[in-house]
Amino acid sequence: MRTATQAIHAAAPARQPGAPLTPSLVAATSFHADPDAIGFSATELGEEAPPFYTRWGSPTISLLEQRLAALEGGEAALAFASGMAAATGLMLHRLSPGDHLLVSDVCYAGVAEFARDTLARYGVGVTAVNFSDISAVAAAIRPQTKLLHVETPANPILRLSDIAALAELAHRHGAELSVDSTMATPIATRPLALGADWVIHSLTKYICGHGDALGGAVIGRAGAIGALRKEALIHYGAAISPFAAWLILRGLETLPARMALHESNARAVAQYLEGHPRISRVYWPGLESHPQHELARRQMRNFSGMVSFVAEDDKALARQLAARMKVVSYAVSLGKTQSLLFHIPAEDILRSSFQLEGAQAEAYRAWTGSGTFRFSVGLEDPADLIADLEQALAG
Ligand SMILES: *Cc1c(COP(=O)(O)O)cnc(C)c1O
């Protein structure tokens, strides 16, 4: 099956008269059990065991996992209650005291803070490095390095990293590569095919697509996902609710169609913003002016719907846009039907989430000036989006 078909049909239950055509929402928290087949401990859970308790797995969640694995071209997937639960679950599972983690110096703020504050407290060495600079990543690798974690495109500035090159580097040093592919989605990029060991998604964003459910997932090899299920899901406990999984399955059916529209709307908006006198720089991987457009063409089959831009007097402009926009909403999150715009001042995020100094802070400022406007271009008519921006940016 090709991608658009997989999003609707992968792992669908058997066709038989009377069987529903759409995924069933199984809300049950526990299931009739065979007294001989299963013990009470997660360590005795067989890979093929029938549903037992929903924190361990359930039919609606399992369908979501199988469909995500198919879309990413992975052997197995594990769903979590949120993208943060997926990322922290994987990191706590793979890293022990004395191990070393290399994390992208620009990535989702929660992941950056978790790595630096929490993992360090548990004795894991953590180094934040610019993952778009392969030689900087190579120089930061230590004998104890177990995991490289990258986000591409990176939230919020849409800087890209070369997954194939990073996977080769990681494996040469006996480490693993995890890729947060939330902004790319499996429609744009298949990190596993490029050599990554793990793919992480916040399902809350494009995969759900409607802004009404939180979820996360990790996709990888079957044995490794089985081990992750036992520790990071059953013991840490951040299981997704079946209702959220059901909403996300519903959103997933239209992911390929939505991504095509997100991309074409983003192209229209990015081109409009590039020509606007108040905007000094626009970043969208599909623009020829994106500093890594060549890499984007190699690594992304869809340039996604995220645009970021830079303007003079950005704090005042953020207030003006928030007050005047009537179609676009001034709000966080991304990847939903509605367009969302949010301003992230450089000094604030450099101080709070990233804690970057010296050359790394300079590289961030060189990219984004005094702040980034992160624009999740939605599915409205692009002419209405542009008209809304035109009146909100005026004067
Ligand atoms: C939103 C986001 C996360 C966190 O996901 P939640 O579902 O909000 O917990 C992680 N990574 C990226 C790139 C994100 O955009």
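Up top you'll find the structure we're talking about.
Residues numbered from 1 in each chain as written. Predicted model: local features only at pLDDT ≥ 70, side-chain atom pairs only at ≥ 80, totals over all residues. Heavy atoms only, no water.

**Student:** Looking at this structure, I do not really get the site of the ligand. What am I missing?
**Tutor:** Of all residues adjacent to the ligand, which total 13 residues, the nearest are Met 84, Asp 180, Ser 202, Thr 204 and Lys 205. Note that an oxygen atom of the ligand is positioned 3.3 Å from one of the side-chain N or O atoms of Asn 155. Contact distances for the ligand include 2.7 Å between an oxygen atom and a side-chain N or O atom of Lys 205. Out of a free accessible area of 380 Å², the ligand has 93% covered by protein chains. (Near = heavy atom within 4 Å. Polar contact = N/O pair within 3.5 Å; in protein donor to acceptor, adjacent residues only side chain to side chain. Areas by Shrake-Rupley, 256 points an atom, 1.4 Å probe, with all protein chains shown as cover.)

**Student:** Even after reading the chapter, I still don't get the packing of aromatic side chains, so can you show me in this structure?
**Tutor:** When we look at a pair of aromatic rings, we describe it by the centre distance and by the angle of the planes. If you walk through the whole model with that rule in mind, you get seven aromatic pairs. Seen in terms of ring centroids, Trp 284 and Phe 303 are 5.7 Å apart; in terms of plane orientation they differ by 75°. Their pairing is edge-to-face. With Trp 284 in the loop between strand 8 (279-283) and helix 11 (293-299) and Phe 303 in the loop between helix 11 and strand 9 (306-311), this pair connects stretches of sequence that are 19 residues apart. Phe 303 carries the same exposure label as Trp 284, and that label is buried. (Phe/Tyr/Trp six-rings, centres within 6.5 Å; stacked < 30°, edge-to-face > 60°. Helix = DSSP H or I, 4+ residues; strand = E, 2+ residues; numbered from the N terminus. Buried < 20%, exposed > 50% of the residue type's maximum accessible area, 1.4 Å probe, protein only.)

**Student:** Where do I start with the sheet that holds strand 2 (residues 100-104) in this structure?
**Tutor:** Within a beta sheet, neighbouring strands are joined by backbone hydrogen bonds and run either parallel or antiparallel to one another. In space, the seven strands of this open sheet follow the order 1-7-6-5-4-2-3, with mixed pairing throughout. Each end of this open sheet is capped by a strand with a single partner; those strands are strand 1 (76-80) and strand 3 (125-129). Ignoring which end each strand starts from, the neighbouring axes of this sheet average 20° apart. One ladder, built from four bridges, connects strand 2 with strand 4 (residues 145-151); its direction is parallel. Bridge pairing links His 100 to Thr 145 in strand 4. Along the sheet, helix 8 (residues 222-235) contacts strand 1, strand 6 (198-202) and strand 7 (216-220); its crossing angle with strand 1, the most-contacted strand, is approximately 20°. (Pairing = 2+ DSSP bridges. Axes fitted to C-alpha atoms, helices over the stretch in contact; angles between N-to-C directions. Contact = heavy atoms within 4.5 Å.)

**Student:** Would you mind showing me how to read the pattern of salt bridges here?
**Tutor:** Two side chains that carry opposite charge are able to pair once their charged atoms sit near each other. Inspection of every chain in the model, using the stated rule, returns 11 salt bridges. Here Asp 117 ties to Arg 116 by a salt bridge, and the two come within 3.2 Å at their closest N and O atoms. Given the relative accessible area of 42%, Asp 117 is considered partly exposed. For Arg 351, the salt bridge is made with Asp 348, and the minimal N-O distance between the two is 3.7 Å. Of this pair, Arg 351 and Asp 348 both sit in helix 13 (residues 346-354), three residues apart, which is roughly one turn of that helix. A residue is classified by how much of its surface remains accessible, and Asp 348, at 32% relative accessible area, is partly exposed. Each of Glu 347, Glu 362 and Arg 365 takes part in one network of salt bridges that share partners. (Salt bridge = Lys/Arg side-chain N within 4 Å of Asp/Glu carboxyl O.)

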